[in-house]
Amino acid sequence: MMKFKYLGIALFSLTLAACSSVKLDPQTGADSTSGAPSSATVSDGGAVGSVPQPTATPETVVQSTGPTSSSLQAAALAAGRLVYFDYDSYVIKPEFQKLIEAQARYLSSDPSLRVVIEGHTDERGGREYNLALGQRRAEAVRRALSLLGVADAQTDAVSFGEEKPAAEGSNEAAWSQNRRAEISYR
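Residue positions are given per chain, counting from 1 as you read along its sequence in written order. Totals for whole chains, interfaces and linings use all residues, but because this is a predicted model, local features are given only for residues with pLDDT of at least 70 and pairs of side-chain atoms are given and counted only at 80 or more. Values reported for side chains reflect all heavy atoms of the structure, with hydrogen atoms and water molecules removed beforehand.

Basic side-chain nitrogens of Lys or Arg form a salt bridge, by our definition, when they fall within 4 Å of a carboxyl oxygen of Asp or Glu. Enumeration according to the criterion identifies seven salt bridges in this entry. A salt bridge links Asp 86 to Lys 93; the shortest N-O distance between them is 3.1 Å. A salt bridge links Glu 182 to Arg 180; the nearest nitrogen and oxygen atoms lie 2.9 Å apart. By relative accessible area, Arg 180 is classed as buried at 3%. Burial classification: accessible surface area is computed with a 1.4 Å probe over protein chains only, and a residue below 20% of its type maximum counts as buried, one above 50% as exposed, and the rest as partly exposed.

This paragraph deals with the side chain of Asn 130. Runs of H or I in DSSP of at least four residues are treated as helices and runs of E of at least two as strands, each being numbered from the N terminus. Take Asn 130: it is sitting in helix H4 (residues 127-147). Using a relative accessible area of 1% as the deciding quantity, one classes Asn 130 as buried. Polar contact criterion, stated in full: a pair of N or O atoms within 3.5 Å, where within protein one must be able to donate a hydrogen and the other to accept it, and residues adjacent in sequence count only if both atoms are side-chain atoms. Among the polar contacts listed, one links the side chain of Asn 130 to the backbone oxygen of Asp 122, at a separation of 3.4 Å. With near-sequence residues (within four places) excluded, Asn 130 lies in contact with Thr 121, Asp 122, Glu 123, Arg 124, Gly 125, Ser 159, Gly 161 and Glu 162. Note on contacts: a residue pair is in contact if any heavy atoms of the two residues lie within 4.5 Å.

Here we come to the environment of Leu 72. Along the chain, the position of Leu 72 falls in helix H2 (residues 69-79). Between the C-alpha atoms of Leu 72 and Ser 109, which are 37 residues apart in sequence, the distance is 7.9 Å.

For the rest of this paragraph, the subject is the sheet that holds strand E4 (residues 180-185). Strand pairing is assigned whenever DSSP identifies at least 2 bridges connecting the two strands. In space, the four strands of this open sheet follow the order E1-E4-E2-E3, with mixed pairing throughout. In the strand order of this sheet, the two ends are held by strand E1 (82-84) and strand E3 (155-161), each with one partner. Between one strand axis and the next, the sheet turns through 20° on average, direction left out of account. By the bridge criterion, three bridges tie E1 to E4 in an arrangement that is antiparallel. Pairing of Tyr 84 across the sheet is with Arg 180, part of E4. Every axis in this analysis is a line fitted to C-alpha atoms, fitted for helices over the stretch in contact. Angles between the N-to-C directions lie between 0 and 180 degrees. Here helix H3 (residues 97-109) sits on the sheet and contacts E1, strand E2 (115-120) and E4; the angle it forms with E4, its principal contact strand, is near 20°. Against the sheet, H4 contacts E1, E2, E3 and E4, and its axis sits at roughly 155° relative to E3.

Before going further, it helps to spend a moment on the nonpolar core. Grouping buried Ala, Val, Leu, Ile, Met, Phe, Trp, Tyr and Cys residues that are joined through side-chain atoms within 4.5 Å yields what is termed a nonpolar core. Core analysis: the biggest nonpolar cluster contains 22 residues, and Val 83, Leu 99, Ile 100, Leu 107, Ile 117, Val 141 and Leu 145 have the highest contact counts within it. Those elements that provide at least two residues to this core are H2, H3, E2, H4 and E4. Counting residues per element, this core draws most heavily on H3, which supplies five residues. Apart from residues lying up to four places away in sequence, Val 141 is in contact with Val 83, Phe 85, Ile 92, Ile 117, Ala 181 and Ile 183.

With respect to the helices, strands and loops of the structure, Asp 110 is situated in the loop between H3 and E2. Overall, Asp 110 belongs to the partly exposed group, its relative accessible area being 24%. Each C-alpha atom, one on Asp 110 and one on Gln 154, is 9.7 Å from the other, the two residues being 44 residues apart in sequence. Reaching out from Asp 110, the side chain makes a polar contact with the side chain of Ser 112 at a distance of 2.6 Å.

Closest axis-to-axis distance for the H2/H3 pair is 8 Å, and the angle between their directions is 150°. Between H2 and H3, the interaxial angle falls into the category roughly antiparallel. When you trace H2 past H3, the crossing you get is left-handed. Contacts between H2 and H3 involve Ser 69, Leu 72, Gln 73, Ala 75, Ala 76 and Ala 79 on the former and, on the latter, Lys 98, Leu 99, Ala 102, Gln 103, Arg 105, Tyr 106 and Ser 109. Any residue outside Ala, Val, Leu, Ile, Met, Phe, Trp, Tyr, Cys, Pro, Asp, Glu, Lys and Arg is labelled polar, Gly included; the first ten of those are nonpolar and the last four are charged. Along the lines of polarity and charge, the residues of the contact of H2 with H3 split into seven nonpolar, four polar and two charged. By the definition adopted for this analysis, an angle is roughly parallel if under 35 degrees, roughly antiparallel if over 145, roughly perpendicular if from 65 to 115, and oblique otherwise. For any pair of crossing helices, the crossing counts as left-handed if the nearer helix is rotated counterclockwise from the farther one by less than a right angle, and right-handed if it is rotated clockwise.

What follows is the structure, given as structure tokens:
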């Protein structure tokens, strides 16, 4: 059920992006790529019995260009790049959904962007187990981005297991910072 929600959000976003790419000629109200009249300009040409409508001028034409790449980048930076996990889990918590959505919007806005999703674990568990758990965490984030419209070619998932801790220590405070997936832009 959640897959359809994300797919719907992605399709809606793509529709909005496609609609915002049409530029209008401010003098004629025509689509500058096809010459077809736009429904955004209202003018009846002064027909008998009608009230003349003002024609559009460059100052009155409002074009919806959608979010810019720099605003999407700023939103992605503000959202963060770290997804934290519970002990022995690779389930993405709901509190990280907005982060993943912001990163997906930014990645979808520029197909040339590439990320590596690095999966990490705390020091508990064997080396092989932690490498596998880190990989599952990275793949979970990669799948979430993919469901939101990010091309598979833009993402790679790797595991570092317990090899690159964010915090030193053998306590819950350190362990909770080490159970993470990092989104690293390349």
